[in-house]
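One letter stands for each residue in the lines below.
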Amino acid sequence: MFIMKTTPLYHRHLELGAQMTEFAGYQMPVRYTGDKLEHMAVREKAGLFDVSHMGEIWVTGSQAEQAITHLVTQDPTKYSSGQAFYGLLLNQNGGIVDDIITYKFSSEKFLICVNASNREKDFDWIKSNCDAQVEDASDNWSQIAIQGPEAVAITARYLGAQVLDIKRFGFIQLDDLIIARTGYTGEDGFEIFVPNERATELWDALSKEAMPCGLAARDTLRLEAGMCLYGHDINDQTNPIEAGLGWCAKKYQVSGEIKRRLVGLMMQGTGIARPDYEVCNQTGMVIGHVTSGTKTPYLNQAIAMAYIDRPYCDALEEVYVKIRGRLEPAKITKLPFYRRAK
Amino acid sequence: MIYFTKEHEWALVEDNVATIGITNHAQHSLGDVVYLELPEIGKKLEKDKIFGVVESVKAVSDLFSPVSGTVTQSNHNLVQSPEWVNQDCMGKAWMIKVALDSPSELSSLMSQEDYDKYLKEEIK
């Protein structure tokens, strides 16, 4: 029997009238009010996300730092306790097992936050490739993200002024909460790890001022911010360099030449590029494919991410996306599409 | 008379012309509609075949014609303002008007009552 999992906030979502969908085995909210409204709340004020489906894996013990050094593309010895960093788990072929955030509590204690869909795979991969103690604590933890220009001030009102001092990619422990200044929207804010039994209390406090947002808004926000979504823009077959993630995998050595790159596309016509649509050159030859695409609310523009073969991806020129048999013009652009004002 | 399809289109038939749109259930499932493709006047449509496309922020969905016939009007204003689908799906977000080939086809569509029952079943 297949049992759909729920987060501790499931009943809150239903009370708020959310449309629910299955995502990575969980019943998750797609939207509460509307995708555009929720997206704009995050860009202009603050939005609140239940991301409890994300996985939490502890790597601890005297071998922990060595294990992270071996398994994660970033060097953990360069970070202090209380710092987090984005990085990748790579397989033997250099393909991306997952993109993760690693939180360094000490050289003997690390928390890895993994994509929900990769939780078992990542746990097995980490466990079987290191000598540290590895524990999947995902079922004990919920996670609430508060994002937007007002997110930090709102959080400070409820959790105290000490959160104001957390630097970008820093984190603190406050009682049984782990509060990290990270996110997946392109805005300032926090991702807060909270024990399941306290998730509803925290949600209720923060949702007084931050608008509940669903997975739909989370996806359009991260796309505007040029962030990859595992399973769409990156997978076991993609390597960090072609995905534009070489910056966090400097020790990664490419064998052979890079044949394609992940680029941004700005649609020039009225059509919207969607995942798996073909990208063509002027003569109609297929030179790549779309991995993510939508018309985003903030930019009010159809944008996409696509793998395009070299050398076509290297010139910022016009390509075409095949939409229901028609070739619609698109401009290759650098990622991200949106960068918040500092 | 108003008729409904299992794909959540509605067809309001007056004098052998069907006005066609999508239902409240459809617009709600789609979320914010951002793009539409509708056929030109004079286009021949076949029952249950694709006549256009509706796209929301999250989804692309084909539109299926409830009837066979010829397009007599296409709502260009709606193409310019796709958000009307969310605001008034049974009113100003009508999509096309079709002169029916064979009114007998209508008997295979659902009445309002049947459609309401169908929705309850589908949501269950």
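As the structure is a prediction and not an experimental result, all values here were calculated from the model. (Residues numbered from 1 in each chain as written. Chains lettered and ligands numbered in written order. Predicted model: local features only at pLDDT ≥ 70, side-chain atom pairs only at ≥ 80, totals over all residues. Heavy atoms only, no water.)

Novice: Now, about the overall build of chain A: what can you tell me, with residues and values included?
Specialist: Of the regular secondary structure elements, chain A holds seven helices and 20 strands. By the compact-globule yardstick of 20 Å for 342 residues, chain A fits well, its C-alpha radius of gyration being 20 Å. For the C-alpha atoms alone, the extent of chain A along its principal axes is close to 60 × 50 × 45 Å. Counting over 342 residues, chain A shows a buried share of 57%. Long-range pairs, those at least 24 residues apart, make up 64% of the contacts in chain A with a sequence separation of at least 6. Within the structure as shown, chain A displays about 14700 Å² of accessible surface, and the carbon and sulfur contribution to it stands at 49%. With 36 positive and 43 negative side-chain charges, chain A shows a separation of 6 Å between the mean positions of the two kinds. (Helix = DSSP H or I, 4+ residues; strand = E, 2+ residues; numbered from the N terminus. Rg over C-alpha atoms; globule rule 2.2 N^0.38 Å. Buried < 20%, exposed > 50% of the residue type's maximum accessible area, 1.4 Å probe, protein only. Contact = heavy atoms within 4.5 Å. Areas by Shrake-Rupley, 256 points an atom, 1.4 Å probe, with all protein chains shown as cover. Lys, Arg positive; Asp, Glu negative; His and termini not counted. Charge placed at Lys NZ, Arg CZ, Asp CG, Glu CD.)

Novice: An account of the packing of aromatic side chains is requested, with residue identities and associated values reported.
Specialist: Here a ring pair, both rings aromatic, is described through the centre-centre distance and the interplanar angle of the planes. All names here are of chain A. If you walk through the whole model with that rule in mind, you get ten aromatic pairs over all chains. Pairing Y32 with W203 gives two aromatic rings, centres 6.5 Å apart and planes at 35°, and the pair type is tilted. Taken together, the positions of Y32 in the loop between β3 (26-31) and α2 (35-44) and W203 in helix α6 (residues 199-206) put the pair 171 residues apart, joining distant regions of the chain. On the accessibility criterion, Y32 (11% relative accessible area) is buried. Ring geometry for Y103 and F171: centres 5.5 Å apart, planes at 85°, overall edge-to-face. Residue Y103 is found in strand β7 (residues 96-106), and its partner F171 is found in strand β11 (residues 171-174); the two are separated by 68 residues along the sequence. (Phe/Tyr/Trp six-rings, centres within 6.5 Å; stacked < 30°, edge-to-face > 60°.)

Novice: Could you give an account of the confidence of the model for chain B, naming the residues involved and the relevant values?
Specialist: With 98% of its residues at a pLDDT of 70 or more, chain B shows a mean pLDDT of 96. Per the prediction output, this complex has pTM 0.93; the corresponding ipTM is 0.85. (pLDDT = per-residue confidence, 0-100.)

Novice: Lay out the sheet that holds strand β17 (residues 286-296) of chain A with the relevant residues and their values.
Specialist: Residue and element names in this part refer to chain A. Spatially, the six strands close up into a barrel ordered β15-β18-β17-β16-β19-β20, and their pairing is antiparallel. Across the sheet, the axes of successive neighbouring strands diverge by a mean angle of 45°, strand direction being ignored. Here strand β16 (residues 278-280) pairs with strand β19 (residues 318-323) via two bridges, running antiparallel. Paired with C280 across the bridge in β19 is Y320. Helix α7 (residues 215-224) rests against β17 and β18 (301-309) of the sheet, and its axis sits at about 120° to β17. (Pairing = 2+ DSSP bridges. Axes fitted to C-alpha atoms, helices over the stretch in contact; angles between N-to-C directions.)

Novice: Please give an account of the interface of chain B and chain A that cites residues and values.
Specialist: At the junction of the two partners, chain B supplies 16 residues and chain A supplies 18 residues. Roughly 1400 Å² of surface becomes buried between chain B and chain A when both sides are summed, with 46% attributable to carbon and sulfur atoms. In this structure, the connection of chain B to chain A is made through five salt bridges. Where D219(A) meets K58(B), a salt bridge forms, and the shortest distance between an N and an O atom there is 3.1 Å. Counting every contact that joins chain B to chain A gives twelve residue pairs in polar contact (both at pLDDT 80 or more). When residues of the side of chain B that touches chain A are traced back to their parent elements, those giving at least two are α1 (24-30), β4 (33-37) and β6 (50-56) of chain B. A per-element tally of the side of chain B that touches chain A places β4(B) first, with four residues. Across the side of chain B that touches chain A, the residue classes break down as eight nonpolar, four polar and four charged. (Buried area = accessible area lost by both parts, 1.4 Å probe. Salt bridge = Lys/Arg side-chain N within 4 Å of Asp/Glu carboxyl O. Polar contact = N/O pair within 3.5 Å; in protein donor to acceptor, adjacent residues only side chain to side chain. Nonpolar A, V, L, I, M, F, W, Y, C, P; charged D, E, K, R; others polar.)

Novice: Before we move on, could you go through the pairing of β11(A) and cite the residues and values that matter?
Specialist: Residue and element names in this part refer to chain A. By the bridge criterion, four bridges tie β11 to strand β12 (residues 177-180) in an arrangement that is antiparallel. Note on β12: the bridge partner recorded for L174 is L177. The turn linking β11 back onto β12 is made up of two residues, and D175 within it adopts a positive phi angle of 55°.

Novice: Could you give an account of the layout of surface pockets, naming the residues involved and the relevant values?
Specialist: Residues and elements named next belong to chain A. Considering only enclosed or pocket space, the largest pocket measures out at about 1200 Å³ in volume. A225, G226, M227, C228 and W247 are, among the 45 residues lining the largest pocket, the residues nearest its centre. The set of elements that each furnish at least two residues to the lining of the largest pocket consists of β7, β15 (260-267) and β20 (326-333). It is β7 that contributes the most residues to the lining of the largest pocket, four residues altogether. Tallied by class, the residues present in the lining of the largest pocket amount to 25 nonpolar, eight polar and twelve charged. There is about 610 Å³ of room inside the second largest pocket. (1 Å grid on protein atoms, 1.4 Å probe; cavity = no way out; pocket = protein on both sides within 12 Å on 5 of 7 lines; lining within 4 Å. Points joined across faces, edges and corners; volume = space filled by probe spheres on them.)

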